[in-house]
Structure formats: C-alpha cells, structure tokens
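Residue strings, one per chain:
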Amino acid sequence: MGAVTQTLSSTASSTPDGALPGHLAEATSSDASLRRFLHGLPGVDQVGAEARAASLGTRSIKTTAKAFALDLAVRMVDLTTLEGSDTPGKVRALCSKAMRPDPADPSCPAAAAVCVYPDMVATAKQALAGSDVRIASVATAFPSGRAALDIKLADTRDAVEAGADEIDMVIDRGAFLSGRYLEVFEEIVAVREACGRPDGSGAHLKVIFETGELQTYDNVRRVSWLAMAAGAHFIKTSTGKIQPAATLPVTMVMLEAVRDYREATGQMVGVKPAGGIRTAKDAIKYLVMVNEVAGPDWLDPDWFRFGASTLLNDLLMQRTKMTTGRYSGPDYFTLD
C-alpha cells in the first residue's frame, strides 16, 4: 500500500487491540478527512488486477492437497437460504445438512454457518443446538440497505437477541456512490454497536458491499478500508441478489485490502465472497488466491468464508469422487 501503509504502520505498534492508529482515527474524524484519505489510496490497475486474478485462477492442485482444500472449503461454507418462501422446515433441513453435510461419511466436516433472515434465527438456533455451526443473519434492510437507521438497528438487535452469532449487514450504496462516506462509516459503527449483548458477548459483523453496484475496483478498495476502519470483522462482496456478484478480481482487491490493513494496524479482518460460486473448481481458485494474496493465515473459516447455497453439493460430489473413484449423481445429496 506504499506511503499510506507506512504512515499507518508507524503508529500501529503502540495502539491497543481494536483501536485505530492515530492517523486512521484522524482520517475518520470528519467527512472531508475521510474523503481525502479514501481518495488518497493508490488506484487499482484494472488490467493488472484482472490479469493476475486470471493467472491465479489457472493454478491446479492434486491428490492430498486437493483433498485438504475440499474439506477446508466445506468448513468455510455459510450455507444460505434467503428467499421469501423460506419456512421453518426448510431452515431445519438446512441446519441438519450444515451439521452433517454427508451423512454417509462421518469424516466430512461441518459447514461454518447457516445464514438466514432474522425471523428464522430462533428456528436455526434450536436446530443447531449443541453443534459448532454458527448462525448468521442478514440485517439492515437486506438486500437493498434502503431504510432509516433506527429500523436497521432494530433489525440487527432482533437478530442478535434471537441468537445470531454473526450479522451480515448491507451498506447504503447510494450514500457511498454519492460520496457520503462518513454517513456510511457511522452507520457501520452503529450496527457494530447494535451487535453487542448486555452480557458483553455479541455477534461478529460482516459488511456487504454489493460490489456489482460499485462500478470500479477503486471503489471496492475504498469501501474495504472504510468498513475495516469502522469495525467490520468481515468484508463481504455481495448479497447474491445482484449480478455480477463475487468475482476473482474483486475478491483479490479485497484480500489486498485486508492484508494491507493488518500490516498497518495489526488487526485481521476476514473476507467473504458470496454469490455465483457454484463448483469445487471455483472454490479452489479462491483458496489459491487467498494463500497467494493475503497469506496462509486467512486459510481458516474464522477469516475466509463462502456465501453459497449450491457450492456445498459440488464439494461433496468431488469428495466422494476422491474417496470412491466415481462420481455420485447430482441428486445423491439433498438439493438446497
């Protein structure tokens, strides 16, 4: 990140965990200073970014490494249902699959989380009781993000009180694209505060950008830094409702941002590509990119996730192929 990273890094060592370095705290103190900071970030070379992402996407891994990657990808899946037709029965079935993705193979790891609407959190909590699978809930007027702040905060608190471990909020893209950066920053800060509980525990916050609406890679870099400075635990590409959703180049820009943010502040932030990742081959491309761009510390479900509803089935088919030497039909596993 060049001069920006060097400036921030010079203050990072003396900052308490969770606090911003002095320069970054100053940069977020007003709309004008935040604008100067974000527009002072180095621009993204579009041609170079797309070429590097394409190159990383050609890497292949074999045998033992592939088996490890498939299991890791399973452990990184946020198994998701976000439809108006969702029912308690559908959510319970999804929770059962998240806990035991392949009932015929006890060696198959569980998924990372089940992601649902806030009114389904209590159902998921009951179904997942006693497991390590986390409950994620979308909030803040998902997927548009267009609602008054008090409604967004109430939406968040309802999900947390119902038992959500993670909140996936959406930013107001209209505010960001209009240059109202401090408004977006302060909203993220407020939602993170709403993620807390009276007992001191709280839900982790994932901030969704809807990168398909942000128009440029420069905007993706800027919003990544804005969200991280505001306290995001994860930055997430998309709602899955807008195309294009997750892409390798966009995810690469976000991975560069979390890498540089840790270098500058000492704080790690996770990344979650969501939408359009459907095959094991695609998932492995993303894992290669994580390792090459951010580093192996991010190869962990605590720091990298896939937002997906159909990816898990292909991962399970590929696992079965490696174990038995033959493919199972696509209807061998439950359809989500």
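(A) Seen up close, the overall build of the protein. Across its full length, the protein holds 14 helices and eight strands. With the principal axes as the frame, the protein shows a C-alpha extent of 60 × 45 × 35 Å. Looking at the protein alone, contacts between residues at least 24 apart form 74% of all its contacts between residues at least 6 apart. Accessible surface computed for the protein: about 14,000 Å², of which carbon and sulfur atoms make up 51%. Seen as two clouds, the 35 positive and the 40 negative side-chain charges of the protein have centres 5 Å apart.

(B) Spotlight on the nonpolar core. Grouped together as the largest cluster of nonpolar side chains are 99 residues, with contacts concentrated most on Ile188, Ile235 and Phe306. Leave out the neighbours within four places in its chain, and Ile188 touches Met169, Ile171, Leu205, Val207, Leu226, Ala227 and Ala230. Counting residues in hydrophobic clusters, the runner-up holds seven residues, among them Ala136, Val138, Phe142 and Val170.

(C) Examining unusual backbone geometry more closely. Omega for the peptide link from Phe142 to Pro143 comes to 0°, which places this bond in the cis form. Relative to the elements of secondary structure, Pro143 occurs in the loop between β3 (134–139) and α8 (149–162). Here Gln243 and Pro244 are connected by a cis peptide whose omega angle stands at 0°. Residue position: Pro244 is located in the loop between β6 (234–236) and α12 (248–265). Of note, the phi angle at Gln215 is positive, near 80°, even though the residue is not glycine. Its location among the elements puts Gln215 in the loop between β5 (204–208) and α11 (217–230).

(D) Up close: the sheet that holds strand β4 (residues 166–170). One open sheet accounts for eight strands, arranged β7-β6-β5-β4-β3-β2-β1-β8; its pairing is parallel. Strands at the two margins of the open sheet, each flanked by one partner only, are β7 (270–272) and β8 (306–308). Averaged over all neighbouring strand pairs, the angle between strand axes comes to 25°, with direction disregarded. Sheet topology places strand β2 (residues 113–116) next to β3; four bridges connect them, and they run parallel.

(E) Main features of the packing of helix α5 (residues 63–76) against helix α14 (residues 311–324). One can describe the packing of α5 onto α14 by two numbers: an axis separation of 10 Å at closest approach and a directional angle of 150°. Considering their axes alone, α5 and α14 lie roughly antiparallel with respect to each other. As for the relative orientation of α5 and α14, their crossing is left-handed in sense. Residues Thr63, Lys66, Ala67, Leu70, Asp71, Ala73 and Val74 of α5 form the contact with α14, whose own contacting residues are Leu312, Leu315, Gln318, Arg319 and Met322.

(F) Geometry of the pairing of β2. Of the two faces of β2, the one holding Ala113 and Cys115 and the one holding Val114 and Val116 are both buried throughout. Pairing analysis gives three bridges linking strand β1 (residues 77–80) to β2, with the strands arranged parallel. Bridge pairing in β2 places Thr80 opposite Cys115. Read as a crossover between parallel neighbours, the route from β1 over helix α6 (residues 88–99) to β2 is right-handed. Where the polypeptide runs from β2 across helix α7 (residues 121–127) and back to β3, its parallel neighbour, the crossover connection is right-handed.

Scoring rules and cut-offs
- In every chain, residue numbers begin from 1 and rise along the written sequence.
- Local features in a predicted model are, by the rule used here, given only for residues with pLDDT of at least 70; side-chain atom pairs are given and counted only at 80 or more, and totals for whole chains, interfaces and linings are based on all residues.
- In computing side-chain values, all of the structure's heavy atoms are included and hydrogens and water are not.
- Strands here mean DSSP runs of E at least two residues long; helices mean DSSP runs of H or I at least four residues long; both are numbered from the N terminus.
- Contacts are residue-level and defined by heavy atoms, with any inter-residue pair within 4.5 Å sufficient.
- All accessibility values rest on the Shrake-Rupley procedure with a 1.4 Å probe; residue burial counts only the protein chains present in the view.
- The convention is simple: Lys and Arg are positive, Asp and Glu are negative, and His and the chain ends are not counted.
- Lys charges are placed at NZ, Arg charges at CZ, Asp charges at CG and Glu charges at CD.
- Think of a nonpolar core as a cluster: buried Ala, Val, Leu, Ile, Met, Phe, Trp, Tyr and Cys residues, connected wherever their side-chain atoms sit within 4.5 Å.
- Relative accessibility under 20% of the residue-type maximum defines a buried residue, over 50% an exposed one, and the middle range a partly exposed one, all with a 1.4 Å probe and only protein chains included.
- Any two strands with at least two DSSP bridges between them are considered paired.
- Axes here refer to lines fitted to C-alpha atoms; in helices the fit is confined to the stretch in contact. Angles between the N-to-C directions go from 0 to 180 degrees.
- Should an angle fall under 35 degrees it is taken as roughly parallel, and over 145 as roughly antiparallel, whereas 65 to 115 is taken as roughly perpendicular and any remaining angle as oblique.
- Helix crossings fall into two classes, left-handed where the near helix is turned counterclockwise from the far one by less than a right angle and right-handed where it is turned clockwise.
- Seen with its strands pointing away from the viewer, a crossover is right-handed when the path leading from the first strand over the helix to the second is clockwise.

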